[in-house]
Number of protein chains: 2
Amino acid sequence: MKDLDDLKQGVFQGQKRAIARGLTWIEQGRQEGKLLAQQLFAHGGRAHVIGVTGSPGVGKSTLVNALTLHLRHEGYKVGILAVDPSSPFTGGAILGDRIRMQDSVMDPGVFMRSLASRGHLGGLSRATFGALTLLDAAGFDKILIETVGAGQSEVEIMQMAHTTMVVLAPGMGDDIQAIKAGILEIGQIFVVNKADRDGADHTVRSIRSMLGLTSEHPEWMPPIIKTVAEDGRGMEEVNQALFRHHQYLTEHGLLDRFRWTQTEHVIEQAVSDLGERLVRKARLENSWAKRVVAVGEGSADPDRVAEEIWRHTIQED
Amino acid sequence: MKDLDDLKQGVFQGQKRAIARGLTWIEQGRQEGKLLAQQLFAHGGRAHVIGVTGSPGVGKSTLVNALTLHLRHEGYKVGILAVDPSSPFTGGAILGDRIRMQDSVMDPGVFMRSLASRGHLGGLSRATFGALTLLDAAGFDKILIETVGAGQSEVEIMQMAHTTMVVLAPGMGDDIQAIKAGILEIGQIFVVNKADRDGADHTVRSIRSMLGLTSEHPEWMPPIIKTVAEDGRGMEEVNQALFRHHQYLTEHGLLDRFRWTQTEHVIEQAVSDLGERLVRKARLENSWAKRVVAVGEGSADPDRVAEEIWRHTIQED
């Protein structure tokens, strides 16, 4: 496919148009999108993938913006994926928040995209994984995934991040909500944003005492960082914490293990895609109706029919 | 598998213990559960599957209880699945509501079960489909699926029903919410419950005028029925509406089409299950690590590897 090859070249060169087009293919769950993500996978594995999660109102988007500016000053290329599973559209609120990022739109070292569920179950996780793969292959050093941390697909998406930052804000009763949502266990870095407000130290102390209770991180003690994202305060500390966590992952072989697991996932997905493709082919054959009748009336076992489809259809594939 | 055969016999005889055990297998997503549902499929296709959906507070559970009693008096065997995707547990609220149903617990012609998400995405739809298959094979004439009609898995679940009843109540601002949620398009029967309250006629009129706007049902005009489920008023009308819709589906060949689509779905699922099984086998082989390395570094195409796994592993299956 010439189209696909051209697009791949564009992605490797970091062309924004090619990246945007590839992401659209992937987001729409199109066949070319699946193929593209699959073929780009081997060209990635270098980016540091950072999840940013927290309740609405804690200032996640502002933090992502401020951190992006900081990382750009350090010379990193930054990709941003804002994921909103609740919205069937690309969320208006997210777009509004992004107005502040307009400066970055002109910057070739920043790419930002909102991903929303396209209605089919599990589609959002897959699209996010594909989008990550693409940005990784396009040479972005840091990829930030921003999401409201609730719901099944979001948990799945957070598992794609090497480092998860949990963002809280003072006086939002977040301390208790956080335990409830199990958010403490997933955070490797905690950010108390809007730290110029009353109660910031109290929030820090609550997190610290709760972290003390869970001794699940024998070697990595999650830092708690106070920020005021609105004016960029604390971004250097966040940057350093990210750097240290990345170092920790590297030294303990955890990045390699991550890559290994993701590669296994790619193979599993390829097997399942192949199955779907063979079913689509089998549907077009004359034998399909006979098979459906046989399974419906019980004269054929669905398992046997599945094997037949595989054996028979893969021959001609 | 002797266990599986015993269980199947128990299900065919309508034994509650066998049914309950089978449902647990299915709900837990266990291999035996998948196999059981697959093997029972051909023994079903007779039940009338009825979805009952509506916002919390409209009295869905009470309606289901009252309708169940009525259907029992008519001589039907009734299976009930209460589906709650939001709850990782079997919801306390649902259990509470069911206390009123204790009479039915002793009745061999009624079987009730709450299904909740077991944490894995898409798992709830599959479990519900399996549970339906089992109750159908066990000889229940009417199967009621009760769910709060929001969220992706619930939409998928509602698509398993032959007839969907949308339940509303006066004065809940449901009219506007209903349009928003697209609930009008999925309803083939509308029930205005708590019709002894003020505003019932207003709710009926709102639904009627909104139904007039959507002309998606050229041959079936959804009836709007007022009920007071608490004392059983309106159940006969609901029963008749269900009967007429079932007749409509039969006459237009829609029941047959439904069965056909579900049979195709069973085959697709069997193909995908076979794929998962082969991957599990391939993981145990020495070649697995080599394959992962090759895909990770790009010396092998995931698609090729997927085909290899199929060809190679299915030989020995």
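What counts, and where the lines are drawn
Sequence order as written defines the numbering, with residues in each chain counted from 1. The naming scheme follows written order: chains are lettered A onward, ligands numbered 1 onward. For this predicted model, a pLDDT threshold of at least 70 governs which residues receive local features, and a threshold of 80 or more governs which side-chain atom pairs are given and counted, while totals over whole chains, interfaces and linings are taken from all residues. Three exposure classes are used, based on other C-beta atoms lying within 10 Å of a residue's own C-beta, which is placed from the backbone: buried for 20 or more, exposed for 12 or fewer, and partly exposed in between. We count a stretch as a helix when DSSP gives it H or I for four or more residues in a row; a strand needs E for two or more, and each element gets its number in order from the N terminus. Paired strands, in this sense, are two strands between which DSSP finds at least two bridges. As a rule, the C-alpha atoms of each element are fitted with a line to give its axis, helices using only the stretch in contact, and angles between N-to-C directions run from 0 to 180 degrees. A set of buried Ala, Val, Leu, Ile, Met, Phe, Trp, Tyr and Cys residues, joined through C-beta atoms within 7 Å, is what we mean by a nonpolar core. Any pair of residues counts as being in contact when their C-beta atoms, constructed from backbone geometry, are within 7 Å of one another. Each residue is assigned to one of three groups, with Ala, Val, Leu, Ile, Met, Phe, Trp, Tyr, Cys and Pro labelled nonpolar, Asp, Glu, Lys and Arg labelled charged, and all others, Gly among them, labelled polar. Here roughly perpendicular refers to angles of 65 to 115 degrees, roughly parallel to angles under 35, roughly antiparallel to angles over 145, and oblique to all remaining angles. Copy-to-copy superposition: least squares on the C-alpha atoms, limited to residues that have pLDDT of at least 70 in both copies. pLDDT expresses, on a scale from 0 to 100, how confident the predictor is about each individual residue.

So, on to the pairing of strand 4 (residues 142-147) of chain B. All names here are of chain B. Across the 6 residues of strand 4, 6 count as buried, placing the element largely inside the fold. With burial as the criterion, each face of strand 4 is covered, one bearing Lys142, Leu144 and Glu146 and the other bearing Ile143, Ile145 and Thr147. Across 6 bridges, the pairing between strand 1 (residues 48-53) and strand 4 is parallel. Its bridge partner lying in strand 4, Gly51 is registered against Ile145. Judged from the 6 bridges that link them, strand 2 (residues 78-84) and strand 4 form a sheet pairing that is parallel. When the sheet's bridge partners are listed, Gly79 is paired in strand 4 with Ile143.

Residues and elements named next belong to chain B. If you trace the 7 strands from one edge of the open sheet to the other, you get 3-2-4-1-5-6-7, paired in parallel fashion. Sheet topology places strand 3 (110-116) and strand 7 (224-226) at the edges, where each strand pairs with a single neighbour. The sheet shows a mean angle of 20° between the axes of neighbouring strands, direction not considered.

Bringing the nonpolar core into the picture now. Within the largest apolar cluster, 161 residues are counted, with the highest numbers of intra-cluster contacts made by Leu134 and Ile143 of chain A together with Leu134 and Ile143 of chain B. Leave out the neighbours within four places in its chain, and Leu134 of chain A touches Val11, Ile19, Gly22, Leu23, Ile26, Ala37 and Leu40 of chain A.

In this section: the interface of chain A and chain B. Listed by partner, the interface residues are 37 residues for chain A and 36 residues for chain B. Of all elements in the fold, only helix 8 (152-158), helix 13 (254-283), helix 14 (287-297) and helix 15 (302-315) of chain A reach the threshold of two or more residues within the side of chain A that touches chain B. Broken down by element, the side of chain A that touches chain B gets its largest block of residues, 14 residues, from helix 13 of chain A. For the side of chain A that touches chain B, a count of residues per class yields 18 nonpolar, 10 polar and 9 charged.

Okay, the packing of helix 4 (residues 60-73) of chain B against helix 12 (residues 235-251) of chain B next. Residues and elements named next belong to chain B. Relative orientation of the contacting elements helix 4 and helix 12 amounts to 75°, with a least axis distance of 10 Å. On the basis of the axis angle, helix 4 is roughly perpendicular to helix 12. Contact with helix 4, carried on its side by Ala66, Leu67, His70 and Leu71, involves Met235, Glu236, Val238 and Asn239 of helix 12 and no other residues of that element. When the residues that make up the contact of helix 4 with helix 12 are grouped by side-chain class, the tally is 5 nonpolar, 2 polar and 1 charged.

Below, the discussion takes up the relation of the copies chain A and chain B. Comparison of the two chain copies shows a relationship of rotation about an axis with a shift along it. Each copy superposes on the other: chain A lies on chain B with an RMSD of 0.1 Å after a rotation of 179° and an axial shift of 0.0 Å. Taken together, the rotation and translation describe the operation of a two-fold axis. Comparing interface residues between copies, 97% of those in chain A also lie at the interface in chain B; the contact surface is shared.

Next up on the list: the environment of Gly296 of chain A. Looking at the secondary structure, you find Gly296 of chain A in helix 14. A tally of 21 C-beta atoms within 10 Å means that Gly296 of chain A is categorised as buried. For Gly296 of chain A and His202 of chain A, which are 94 residues apart along the polypeptide, the C-alpha to C-alpha distance reads 63 Å. Discounting residues that sit within four places of it in the chain, Gly296 of chain A has contacts with Ala42, Arg259 and Thr263 of chain B.

Okay, the confidence of the model for chain A next. Residues and elements named next belong to chain A. Per-residue confidence for chain A gives a mean pLDDT of 85, with 83% of residues at or over 70. Contacts of residues 88-100 to residues separated by more than four positions or lying in other chains number 17 contacts, the stretch itself having pLDDT below 50. Both scores are given for the predicted complex: the pTM is 0.80, the ipTM 0.83.

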